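# Commentary on secondary and tertiary structure
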Amino acid sequence: MSRALTIRDLPREERFAPGHRMCQGCGAAILMRHITKALPKDTIIVQATGCVEVTTTLYPETSWMNPWLHIAFENAAAGASGVEAAIKVLKKKGQLPPGKEVRVVAIGGDGGTFDIGIQALSGMLERGHDILYIVYDNEAYMNTGIQRSGATPFGAWTTTTPVGKVWHGEWRRKKDIIGIALAHRVPYVATVNPAYLPDLYAKVSKAMSIKGPKLIHAFSPCVPGWRYEPALTITIAKMAVQTGMWINYEIENGVLNVTTPVPKRKPVREYLKLQGRFRHLTDEEINTIQKFVDEQVAYINKLAGKEVIGPVEA
Amino acid sequence: MSSRLPSWKELPIGAVILEPGSSRRYKTHEWRTLRPVINQDKCIRCRICWSYCPEPAILEVDKPYVTSTNRRYEITYMVDYDYCKGCGICAQECPVKAIEMVPEVR
Ligand SMILES: Cc1ncc(C[n+]2csc(CCOP(=O)(O)OP(=O)(O)O)c2C)c(N)n1
Ligand code: SF4
Ligand code: SF4
Ligand code: SF4
Ligand SMILES: [Mg+2]
């Protein structure tokens, strides 16, 4: 295995320009900055509507340095598939030099990926396009005002899973998007988190070195949607990993590798209490979430064949 | 902010944006109520604030600096006050507390 990257390996050159209108402290902005550092410069980015899209491309200006294509909310993967197919045809017709490497990346939010864009994503993965799909998951439809999505976790308040006499936040469990991608037998899937940037950089670089369909699932803290002070974005992202709420791993050709081992976990309460969207939770609901996390940790450890994520420390 | 929007006759076909990274023309400093100030003597050049800034608004420049205790660094981290929105992530994450968030006064 090659040497693990460190913070010193992140390129200084910025490929994502300031002046964008993402909120103070937006986790997705940190993700986009470092994803673009890891992409070859000719890579065409196809972006679904959502926060990142509307805040980075206020006409007539853009924050992107790569060729970039806006597509609708539901079809980033379909648009990217068309772009990838067009590159092949242009090469065949001699309108693009056969040796010229032009890669394709699709980026969508959780709503645009777990929900409305899932059919387009499934088609892209099934047809085997050479595309990296990146979903930045802020766990709700943030751009339109914090409506729940299939990625909203159990217990979270959103404007469509309110907290009152009848409802107590989201009552369904988050969809397993990595499991959905794996069911298409893709060569590479990975999870990334903005608090662990060398890991993110290494995974995006690796994904771009692999031919075929790939999916990266990115943890994306959202200041107004998760209800916390903007300075805490990285603190929350780290706590997600330290509690096992989020696990950094990759699965390459069926082999799982946990890239951020956690020998001793913190109780999930430590993660929940940092965010206003979980403020209403009862001890019983918190215990339920702890049980879900324990289950996921046991599942990942089983796939890893050893205990890479340890027990909750007393 | 661009002073005048182009007329439809001046727009490229498809209204594509031809200048990469042109959002730099839009300065976001007015969003800020707190201003990060880096203490260059305390800073250990760890790169953490630079890496986590969402804008990006922390510049990593090849500018030497000699601290009051005569330690020489080849790199200086500087806040780009044109774009800094004052989120406070840099100050929160700095391992040696070299960044202070001070009220912005205009
Ligand atoms: C077909 C369609 N339905 C609804 C919308 C309105 N819309 C734009 S973005 C968005 C939500 C995006 O949510 P997500 O994909 O999670 O991205 P986020 O805004 O959270 O970053 C919605 C509902 C749309 N653009 N197109
Ligand atoms: S609403 Fe959330 S995801 Fe959208 S720009 Fe603001 S912080 Fe980022
Ligand atoms: S306060 Fe936020 S926007 Fe300003 S330099 Fe620090 S991290 Fe960047
Ligand atoms: S995080 Fe602190 S010590 Fe590290 S480079 Fe920034 S100011 Fe210096
Ligand atoms: Mg979302």
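The structure under discussion appears in the preceding block.
Position numbers for residues count from 1 along each chain, tracking the sequence in the order it is written. Starting at A for chains and at 1 for ligands, labels are handed out in the order in which the entities are written. For this predicted model, a pLDDT threshold of at least 70 governs which residues receive local features, and a threshold of 80 or more governs which side-chain atom pairs are given and counted, while totals over whole chains, interfaces and linings are taken from all residues. Only hydrogens and water are set aside; all other atoms, that is, all heavy atoms of the structure, feed into the side-chain values.

On to the overall build of chain A. Of the regular secondary structure elements, chain A holds 11 helices and eight strands. Taken over the C-alpha trace, chain A has a radius of gyration of 19 Å; the compact-globule value for 314 residues is 20 Å, and the two agree within 12%. Relative accessibility under 20% of the residue-type maximum defines a buried residue, over 50% an exposed one, and the middle range a partly exposed one, all with a 1.4 Å probe and only protein chains included. Here chain A holds 314 residues, and 58% of them are scored as buried. In short, Shrake-Rupley with a 1.4 Å probe defines the accessible areas, and a residue's cover is counted only from the protein chains shown. Carbon and sulfur atoms make up 57% of the accessible area of chain A, which amounts to about 12800 Å² in all. Note on charges: Lys and Arg go in the positive column, Asp and Glu in the negative column, and His and the chain ends are not counted at all. A single reference atom marks each charge: NZ on Lys, CZ on Arg, CG on Asp, CD on Glu. Distance between charge centroids for chain A: 3 Å, based on 38 positive and 29 negative side chains. Secondary structure follows DSSP: runs of H or I at least 4 residues long count as helices, runs of E at least 2 residues long count as strands, and numbering of each begins at the N terminus. As defined in this context, the radius of gyration uses C-alpha atoms, and a globule is described by 2.2 Å times the residue total to the power 0.38.

A few words on the coordination of the magnesium ion (ligand 5). All names here are of chain A. Looking at the metal site, the magnesium ion (ligand 5) is ligated by Asp110 (OD), Asn138 (OD1) and Ala140 (O), spaced 2.0 to 2.1 Å from it. With water omitted from the atoms examined, metal sites may look incomplete; donors here are N, O and S atoms no farther than 2.8 Å from the metal, or 3.2 Å in the case of Na, K and Ca. In the primary structure, the donors to the magnesium ion (ligand 5) are separated according to the pattern D-x27-N-x1-A. In this pair, Asp110 sits in helix 4 (residues 110-115) while Asn138 sits in the loop between strand 4 (131-137) and helix 6 (177-182), placing the two residues 28 residues apart along the sequence. Accessibility classification places Asp110 together with Asn138 in one group, the buried group.

A few words on unusual backbone geometry. The linkage connecting Tyr59(A) with the following residue, Pro60(A), adopts the cis geometry, with an omega of 5°. Here Pro60(A) shows up in the loop between helix 2 (51-56) and strand 2 (68-70). Here the residue pair Glu55(B) and Pro56(B) is connected by a cis peptide bond, since its omega of 0° sits within 30 degrees of zero. By the element assignment, Pro56(B) lies in the loop between helix 1 (48-52) and strand 2 (58-61). One non-glycine residue with positive phi stands out, namely Glu139(A), at about 65°. Considering the arrangement of structural elements, one finds Glu139(A) in the loop between strand 4 and helix 6. The phi dihedral of Lys97(B) is positive, around 50°, even though this residue is not glycine. With respect to the helices, strands and loops of the structure, Lys97(B) is situated in the loop between helix 2 (89-93) and strand 6 (99-103).

Listed by partner, the interface residues are 40 residues for chain A and 42 residues for chain B. Buried area between chain A and chain B, summed over both chains or domains, comes out near 3400 Å², and the portion from carbon and sulfur atoms is 54%. Considering only the surface of chain A that becomes buried against chain B, Arg12(A), Pro18(A) and Glu61(A) emerge as the three largest contributors, covering 21% of it. Only one rule defines a salt bridge in this text: a Lys or Arg side-chain nitrogen within 4 Å of an Asp or Glu carboxyl oxygen. For the pair chain A and chain B, the number of links is four salt bridges. Nitrogen and oxygen atoms within 3.5 Å of one another constitute a polar contact, given that in protein one can donate a hydrogen and the other can accept it, and given that sequence-neighbouring residues count only through two side-chain atoms. Here chain A and chain B share 26 residue pairs in polar contact (both at pLDDT 80 or more) between them. Note on residue categories: nonpolar means Ala, Val, Leu, Ile, Met, Phe, Trp, Tyr, Cys or Pro, charged means Asp, Glu, Lys or Arg, and polar means any other residue, Gly included. Grouping the amino acids of the side of chain A that touches chain B by side-chain chemistry returns 22 nonpolar, nine polar and nine charged. Residue contacts are defined here by distance: any two heavy atoms, one from each residue, within 4.5 Å place the two residues in contact. What counts as buried area is the accessible surface, traced by a 1.4 Å probe, that two parts surrender upon association, with contributions from both included.

Okay, the nonpolar core next. Residues and elements named next belong to chain A. In plain words, nonpolar cores are sets of buried Ala, Val, Leu, Ile, Met, Phe, Trp, Tyr and Cys residues tied together by side-chain atoms within 4.5 Å. By size, the foremost hydrophobic cluster in this structure holds 118 residues, and its most contacted members are Tyr133 and Tyr271. Ranked by the residues each element gives to this core, the list is headed by helix 1 (residues 27-38), at seven residues. Setting aside residues no more than four positions away along its own chain, Tyr133 makes contact with Ala76, Ala77, Ala106, Gly108, Gly112, Thr113, Leu121, Met124, Lys214, Leu215 and Ile216.

All names here are of chain A. Two elements in contact, helix 1 and helix 7 (residues 197-209), have axes whose closest approach is 9 Å; the angle formed by their N-to-C orientations is 45°. Considering their axes alone, helix 1 and helix 7 lie oblique with respect to each other. Of the two elements, helix 1 crosses helix 7, and the hand of that crossing is right-handed. Between helix 1 and helix 7, the contacting residues are Ile30, Leu31, His34, Ile35, Lys37 and Ala38 on the first element and Leu197, Leu200, Tyr201, Val204 and Ser205 on the second. Per-class residue counts for the contact of helix 1 with helix 7 are eight nonpolar, two polar and one charged. Convention adopted: a line fitted to C-alpha atoms gives each axis, helices being fitted over their contacting stretch, and angles between N-to-C directions are expressed from 0 to 180 degrees. Reported orientations rely on four angle classes, namely roughly parallel under 35 degrees, roughly antiparallel over 145, roughly perpendicular from 65 to 115, and oblique for the rest. Handedness of each helix crossing follows the sense of rotation of the near helix against the far helix: counterclockwise by less than a right angle gives left-handed, clockwise gives right-handed.

All names here are of chain A. Here, proximity means that at least one heavy atom of the residue falls within 4 Å of the molecule or strand. The local shell around ligand 1 holds 17 residues, among which Gly111, Gly112, Tyr136, Met142 and Asn143 are the closest. In the environment of ligand 1, an oxygen atom lies 2.8 Å from a nitrogen or oxygen atom belonging to the backbone of Gly111. One of the side-chain N or O atoms of Tyr136 is found 2.7 Å from an oxygen atom in ligand 1. Per-element tally for the shell around ligand 1: the top contributor is helix 4, with three residues. Per-class residue counts for the shell around ligand 1 are seven nonpolar, eight polar and two charged.

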